[in-house]
Amino acid sequence: MRVTQSGMDLNLLTALDALLEECSVSGAAQRMHLSEPAMSRTLGRIRKALGDPVLVRAGRTMVPTPHALAIRSEVRVVLERARTLFTAAGEVDLRTMSRTFTVLSHDAFTAACAAELFTRAAREAPGVRLKFLAESHTDTQALRDGIADLEVGVIDATAPEVLTEHLFHDRMVGCVRAGHPLLRGRCTPERFAAAEHLIVSRRGKLHGPVDTALAELGLTRRVVGAVPTYPSSLFILLEGDLVGLVAAQLIGLTEARGLRTFEVPLSLPPLPMGLAWHPRHDADPGHAWLRGCVRDVLTAGRT
């Protein structure tokens, strides 16, 4: 990271990380338990050290400069490495730990599990904040670049710089409104294919494993459209006769909102659910606590 003087210390890096995350002097001050004038003075020191404004006014808000955006992930990586270095191996005081963890996950996981994670964090580590990022429609190196601390969901990462933990295999089930015609009688591949379908795809795809399985039986289905998120699909399925898919892990959440699920009469590939993280976090006791929390929530009730 470029600096113009030797006064860039770890405290300034911590403040810089807070400022770039909050994009607000007052927000960063609150996060670091400082007064706003003290944080303003710290921002001045950071600007002098970097030779860059870092944050600039845009209407009523502040936005990072291009240089600040370029170094943001590097700042996070340096801080994480420093935190691991100065934390005794295997030791962490959860009651006094003050950290923000960023979790990259499918929005279905966030909808189903985030509330329990917030509750557990409040009980065990009240100084921890959790940020959930939606999966991107483009491929990114979020773990490597420090954008996310943990990835949760269907893990297919093969890069050597990513560690993974397989938890279980899930499966897809059909999802429709109560009283849908497919719920009457046996749902055959033919009846399933004859319905109109809604796909959840962050990339807007209109074709998936279901179509491959149907093609092997000489069948095709009519996909009327795609939406990017799981919650949005539920609202749509409640109001008509479209057929959707959800992971079996989410049956309880789905049916609690008035929808009904059923077994898909096709041979679909299993969903390998798990965790992924960068090796720099592997020995970090705080990160290990986070992994344990997510693991417990995901596997609760499973044998």
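Residues numbered from 1 in each chain as written. Predicted model: local features only at pLDDT ≥ 70, side-chain atom pairs only at ≥ 80, totals over all residues. Heavy atoms only, no water.

1. Section: the overall build of the chain
Here is step 1: Of the regular secondary structure elements, the chain holds 10 helices and 12 strands.
Here is step 2: Dimensions of the chain along its principal axes, counting C-alpha atoms only, are 75 × 45 × 35 Å.
Here is step 3: Classification of the 303 residues of the chain by burial places 45% in the buried group.
Here is step 4: Across the chain, the fraction of contacts at a sequence separation of at least 24, relative to all contacts at a separation of at least 6, is 76%.
Here is step 5: As displayed, the chain offers around 15500 Å² of accessible surface, 54% of which is attributable to carbon and sulfur atoms.
Here is step 6: With 35 positive and 33 negative side-chain charges, the chain shows a separation of 5 Å between the mean positions of the two kinds. (Helix = DSSP H or I, 4+ residues; strand = E, 2+ residues; numbered from the N terminus. Buried < 20%, exposed > 50% of the residue type's maximum accessible area, 1.4 Å probe, protein only. Contact = heavy atoms within 4.5 Å. Areas by Shrake-Rupley, 256 points an atom, 1.4 Å probe, with all protein chains shown as cover. Lys, Arg positive; Asp, Glu negative; His and termini not counted. Charge placed at Lys NZ, Arg CZ, Asp CG, Glu CD.)

2. Focus: unusual backbone geometry
Here is step 1: If you check the backbone angles, histidine 33 has positive phi at about 60° while not being a glycine.
Here is step 2: When you line up the elements, histidine 33 lands in the loop between helix H2 (25–31) and helix H3 (36–50).
Here is step 3: The class of histidine 33 is exposed, set by a relative accessible area of 69%.

3. Structural notes on the state of the cysteines
Here is step 1: According to the stated counting rule, one finds 0 disulfides in the structure shown.
Here is step 2: As a non-bridged cysteine, cysteine 113 has cysteine 293 as the owner of its nearest cysteine sulfur, 12 Å distant. (Disulfide = S-S within 2.5 Å.)

4. Overview of the pattern of salt bridges
Here is step 1: The final tally for this structure, using the stated rule, is 15 salt bridges.
Here is step 2: One salt bridge in this structure joins glutamate 21 and arginine 31, with 2.8 Å as the shortest N-O distance. Of this pair, glutamate 21 sits in helix H1 (residues 10–22) while arginine 31 sits in helix H2, placing them 10 residues apart in sequence.
Here is step 3: Notably, a salt bridge pairs arginine 171 with glutamate 263, separated by 2.6 Å at the nearest N-O pair. Separated by 92 residues along the polypeptide, arginine 171 in the loop between strand E6 (163–170) and strand E7 (172–177) and glutamate 263 in the loop between strand E11 (259–262) and strand E12 (271–277) bring together distant segments of the chain.
Here is step 4: By relative accessible area, which is 39% here, arginine 171 ends up partly exposed.
Here is step 5: With a relative accessible area of 46%, glutamate 263 lands in the partly exposed category.
Here is step 6: Residues joined by salt bridges that share partners form a network here, namely Asp17, Glu21, Glu22, Arg31, Arg129 and Lys131. (Salt bridge = Lys/Arg side-chain N within 4 Å of Asp/Glu carboxyl O.)

5. A closer look at helix H5 (residues 107–124)
Here is step 1: With 18 residues, H5 extends 24 Å between its outermost C-alpha atoms, agreeing within 8% with the 26 Å of an ideal straight helix rising 1.5 Å per residue.
Here is step 2: Along its length, H5 reaches its greatest deviation from straightness, about 50°, at cysteine 113.
Here is step 3: Every buried residue of H5 is accounted for by Asp107, Ala108, Phe109, Cys113, Ala114, Leu117, Arg120 and Ala121.
Here is step 4: Looking at the buried positions of H5, the neighbouring elements they touch are strand E3 (99–105), strand E4 (128–134), strand E5 (150–154), helix H8 (230–238) and helix H10 (285–299). (Expected span 1.5 Å × (residues − 1). Bend = angle between axes of the 7 residues up to and from the residue.)

6. Some points on the sheet that holds E6
Strand pairing in a sheet is mediated by backbone hydrogen bonds. Such pairs are either parallel or antiparallel.
Here is step 1: Taken together, 5 strands build an open sheet; the order of strands is E4-E3-E5-E12-E6 and the sheet is mixed. Only two strands of the sheet have a single neighbouring strand rather than two, namely E4 and E6. Put simply, the sheet's adjacent strands are angled 20° from each other on average, direction ignored.
Here is step 2: One ladder, built from 3 bridges, connects E3 with E5; its direction is parallel. Residue pairing for E5: valine 103 is matched across the bridge by leucine 150. (Pairing = 2+ DSSP bridges. Axes fitted to C-alpha atoms, helices over the stretch in contact; angles between N-to-C directions.)

7. Digging into the environment of threonine 100
Here is step 1: If you trace the backbone, threonine 100 turns up in strand E3.
Here is step 2: In this structure the C-alpha to C-alpha distance between threonine 100 and serine 40, which are 60 residues apart in sequence, comes to 22 Å.
Here is step 3: Ignoring sequence-local partners within four residues, the contact set of threonine 100 consists of Glu21, Arg31, Arg129, Lys131 and Asp149.
Here is step 4: A polar side-chain atom of threonine 100 sits 3.4 Å from a polar atom in the side chain of arginine 129. (Polar contact = N/O pair within 3.5 Å; in protein donor to acceptor, adjacent residues only side chain to side chain.)

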